[in-house]
Amino acid sequence: MKSYNGGEPPLDYRGLTQRAEVVRTVDSTLHWNNLKRYSNRQKQKTPLDGMMGTITYEGALGEFWPLIEFCEKTNVGAKTAFGLGEITVVKLN
């Protein structure tokens, strides 16, 4: 999978979304975390809010693994420049 080089990957986004509906969440500790940082440029506090916690999925995840692993390797989550956005993936089976 290429990122930036050559544009958007050729993915069937609508189909992926439909097929993801059979994936089940079996456990979740996700919660919203309110963080703030001071911006010297803006001279004010700015939000770094986001989700934290763990989530366990079950179901037909095979075709999603390349995307999940890509996100893990590149820390695709929000605000990565501030050390946030990291995800860790553990395959149980």
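What counts as what
Residues numbered from 1 in each chain as written. Predicted model: local features only at pLDDT ≥ 70, side-chain atom pairs only at ≥ 80, totals over all residues. Heavy atoms only, no water. Helix = DSSP H or I, 4+ residues; strand = E, 2+ residues; numbered from the N terminus. Buried < 20%, exposed > 50% of the residue type's maximum accessible area, 1.4 Å probe, protein only. Contact = heavy atoms within 4.5 Å. Areas by Shrake-Rupley, 256 points an atom, 1.4 Å probe, with all protein chains shown as cover. Salt bridge = Lys/Arg side-chain N within 4 Å of Asp/Glu carboxyl O.

Chemist: Help me understand the overall build of the protein chain, please; the structure alone is not making it clear to me.
Modeler: What the protein chain contains, in helices and strands, is 2 helices and 6 strands. Start at the N end of the protein chain and walk to the C end: the helices and strands fall as α-β-β-β-β-β-β-α. A buried classification covers 12% of the 93 residues belonging to the protein chain. In the protein chain, 48% of the contacts between residues at least 6 apart in sequence involve partners at least 24 apart. Per element, the accessible surface of the protein chain, about 7,700 Å² overall, is 54% carbon and sulfur.

Chemist: Quick question: what am I supposed to make of the environment of Leu 92 here?
Modeler: Its location among the elements puts Leu 92 in the segment after α2 (65-74). Owing to a relative accessible area of 67%, Leu 92 belongs among the exposed residues under this scheme. Leu 92 sits 56 residues away from Lys 36 along the chain, and the two C-alpha atoms are 34 Å apart.

Chemist: For this particular structure, what's the right way to read the pattern of salt bridges?
Modeler: Should the charged atoms of two oppositely charged side chains come close, the side chains can pair. Going through the model one piece at a time under the given rule, you end up with 3 salt bridges. Among the ionic pairs, Asp 12 bridges to Arg 19, the shortest N-O distance being 3.8 Å. A salt bridge links Arg 19 to Glu 63, with the shortest nitrogen-to-oxygen separation between them at 2.6 Å. Highlighted residues: Arg 19 in helix α1 (residues 13-20) and Glu 63 in the loop between β6 (55-58) and α2, separated in sequence by 44 residues. Taking relative accessible area as the criterion, Arg 19 reaches 36% and is therefore assigned partly exposed. In this structure, a network of salt bridges that share partners links the residues Asp 12, Arg 19 and Glu 63.

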